[in-house]
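Listed below are the residues making up each chain.
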Amino acid sequence: MRVIQFDPTRRPPQNTPPHIDYDSHCLLLAIQSDLIRFGTDEHDSQRAAELRKINTRLSATLARFEPPQGAA
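Described in the following lines is the structure provided in the data block.

Parameters at a glance
- Residues numbered from 1 in each chain as written.
- Predicted model: local features only at pLDDT ≥ 70, side-chain atom pairs only at ≥ 80, totals over all residues.
- Heavy atoms only, no water.
- Helix = DSSP H or I, 4+ residues; strand = E, 2+ residues; numbered from the N terminus.
- Buried < 20%, exposed > 50% of the residue type's maximum accessible area, 1.4 Å probe, protein only.
- Contact = heavy atoms within 4.5 Å.
- Areas by Shrake-Rupley, 256 points an atom, 1.4 Å probe, with all protein chains shown as cover.
- Expected span 1.5 Å × (residues − 1).
- Arc of directions from axis to C-beta.
- Polar contact = N/O pair within 3.5 Å; in protein donor to acceptor, adjacent residues only side chain to side chain.

### Digging into the overall build of the protein
- Summing up its helical and strand segments, the protein has two helices and zero strands in all.
- When the 72 residues of the protein are sorted by exposure, 18% land in the buried category.
- In the protein, once contacts between residues fewer than 6 apart in sequence are set aside, the share between residues at least 24 apart is 60%.
- Working note: accessible area of the protein is about 6,300 Å², and carbon and sulfur atoms make up 56% of it.

### Regarding helix α2 (residues 45-64)
- Taking 1.5 Å of rise per residue, 20 residues should cover 28 Å, and α2 covers 29 Å from first to last C-alpha, within 8% of that figure.
- Within the span of α2, buried status applies to Ala48, Leu51, Asn55, Leu58 and Leu62. Buried residues of α2 fall within an arc of 85° about the axis and therefore sit on the same side. Of the exposed residues in α2, the ones pointing more than 90 degrees away from its buried face are Ser45, Gln46, Thr56, Arg57 and Arg64.
- As for α2, its buried residues are in contact with α1 (22-41).
- Its side-chain oxygen placed 2.9 Å from the backbone nitrogen of Gln46, Asp44 serves as the N-cap of α2.

### What to know about the environment of Ile31
- Summarising the element assignment, Ile31 is placed in helix α1.
- Classification of Ile31 by relative accessible area gives partly exposed; the value is 44%.
- Taking the C-alpha atoms as reference, Ile31 lies 9.2 Å from Asn55; in sequence the two are 24 residues apart.

Shape descriptors only; they carry no functional weight alone.
Now the structure itself:
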């Protein structure tokens, strides 16, 4: 897998849609699935709320990259 350097201060050109490779997208979806499971199983309401917040932010991030670059 090719590693692409990430520079948070650099913005992509306006005409380039956000993209992500298929493997990274699948890994992030697996992490999101785990977060949902952990949140459902969590008995501490504060911890469950924090997991929901993290999951919400991850969902918003993943939504920017739908569909993954190279997907049909």
